[in-house]
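Overview (structure and organization)
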Amino acid sequence: MTTLVVVRKGNMAAIAADSLTTFGDTRLSDAFDASSDKMVRHGETVIALCGSAAHQLVYENLLSTAKDLNFNSKSEIFETFRKLHAILKDQHYLNPKEEDEDAYESTHITALIANPSGIYGIYSMREVFEFKRFWAAGSGREYALGAMNALYDTLDSAEAIARVGVDSGATFDKNSALPMQVITIAMTPRVG
């Protein structure tokens, strides 16, 4: 699947992703993939996606054409993904079915988000979390979380912590590989 991380330290954030795409047992590495990016931008917001390889093109299209998208708080991210769900179904033919007992239709999206307002995660039932320090997603997340937790207080920058997280995922997870893409963002200072 992938290793995605998002980190906040001081007034900076970093969001990072590995570059491997897998199709079952087949690996499409950066050496063969002309577009191995797993992150899309919308203004000052960067969204790192995991799951289906189709998500990249779908979200590039959505973010360039949809109106009134806002990613500046937990509630605004929820509302944005609620709006996008209808577009995903109507224009991109999303199959919203996961399990029969699910309370809501699924977006099949797991993503991490970074922008000047904060660092966030969104999951398939439109669950949104805001993180204080860091988080990881994808099949390499456990390795990334462990490495970032162990080194958060000793490393000086959000970027250095993010790099350790993705590197750990790429080292131990069979579905993650280097090189990585890292984007840093200046944060709006927290009030209070």
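Residues numbered from 1 in each chain as written. Predicted model: local features only at pLDDT ≥ 70, side-chain atom pairs only at ≥ 80, totals over all residues. Heavy atoms only, no water.

Turning our eyes to something else, we now look at helix α1 (residues 54-65). With twelve residues, α1 ought to run about 16 Å at 1.5 Å a step, and its terminal C-alpha atoms sit 17 Å apart, in line with that. Buried within α1 are the following residues: H55, Q56, Y59, L62 and L63. Down the axis of α1, the smallest arc covering the buried residues is 135°, so these residues share one side. Away from its buried face, by an angle of more than 90 degrees, α1 presents the exposed residues L57 and S64. Buried residues along α1 sit in contact with β5 (39-42), β6 (45-50) and α2 (74-92). (Helix = DSSP H or I, 4+ residues; strand = E, 2+ residues; numbered from the N terminus. Expected span 1.5 Å × (residues − 1). Buried < 20%, exposed > 50% of the residue type's maximum accessible area, 1.4 Å probe, protein only. Arc of directions from axis to C-beta. Contact = heavy atoms within 4.5 Å.)

Turning next to the environment of I47. Relative to the assigned elements, I47 resides in strand β6. Spatially, the C-alpha atoms of I47 and I15 are 8.3 Å apart, while their sequence positions differ by 32 residues. In contact with I47, not counting residues within four places along its chain, are K38, M39, V40, L63, F71, A111, L112 and I113.

In the structure shown here, the tally under the stated rule is six aromatic pairs. Ring plane angle 10° and centroid distance 5.3 Å describe the contact between F131 and W135, whose orientation is recorded as stacked. Look at F134 and Y152: their rings are 5.7 Å apart centre to centre, the planes differ by 40°, and that puts the pair in the tilted class. You can see F134 sitting in strand β10 (residues 134-137) and its partner Y152 sitting in the loop between α3 (141-151) and α4 (158-172), a full 18 residues away along the chain. Y152 carries the same exposure label as F134, and that label is buried. Taken together, the ring pairs connect Y59, F71 and F81 into an aromatic cluster. In this structure, K9 is placed above the aromatic ring of Y152, and the distance from its NZ or CZ to the ring centre is 4.7 Å. (Phe/Tyr/Trp six-rings, centres within 6.5 Å; stacked < 30°, edge-to-face > 60°. Lys NZ or Arg CZ within 6 Å of the ring centre and 35° of its normal.)

Turning our attention to the nonpolar core. With 20 residues, the main nonpolar core has I47, Y59, F71, I77, F81 and I113 as its most contacted residues. Elements supplying a minimum of two residues to this core: β6, α1, α2, β7 (110-115) and β8 (118-122). Broken down by element, this core gets its largest block of residues, four residues, from α2. When sequence neighbours within four positions are dropped, the list of residues in contact with F81 reads Y59, F71, I109, I113, I122 and R126. Counting 17 residues, the second largest nonpolar core, distinct from the first, contains A13, A17, L112 and A137. (Core = buried A, V, L, I, M, F, W, Y, C linked by side-chain atoms within 4.5 Å.)

Okay, the side chain of S176 next. Mapped onto the elements of the fold, S176 is located in the loop between α4 and β11 (181-186). Here the side chain of S176 touches T3 through a polar contact of 2.7 Å, side chain to side chain. Within the structure, the side chain of S176 is placed 2.6 Å from the side chain of D173, a separation counted as a polar contact. For S176, the contacting residues outside a window of four places in its chain are T2, T3, D18, L20, S139, G140, G169 and A170. (Polar contact = N/O pair within 3.5 Å; in protein donor to acceptor, adjacent residues only side chain to side chain.)

Another point: the sheet that holds β5. For sheets, the rule is that strands pair by backbone hydrogen bonds, running either parallel or antiparallel. Taken in spatial order, the five strands make up an open sheet running β5-β6-β7-β8-β9, and their pairing is antiparallel. The sheet is open, and its two borders are formed by β5 and β9 (128-131), each paired with just one other strand. Pairs of neighbouring strands in the sheet enclose a mean axial angle of 25°, with direction left out of account. Where α1 meets the sheet, it contacts β5 and β6, and its direction lies at approximately 5° from that of β5. (Pairing = 2+ DSSP bridges. Axes fitted to C-alpha atoms, helices over the stretch in contact; angles between N-to-C directions.)

Next up on the list: unusual backbone geometry. Of the consecutive residues L178 and P179, the connecting peptide bond is found in the cis state with omega at 10°. In this structure, D68 takes a positive phi of about 60° despite not being glycine. Relative to the assigned elements, D68 resides in the loop between α1 and α2. The backbone of R126 sits at a positive phi, close to 70°, despite the residue not being glycine. Residue placement: R126 occurs in the loop between β8 and β9. Residue class for R126 comes out buried when judged on its relative accessible area of 11%.

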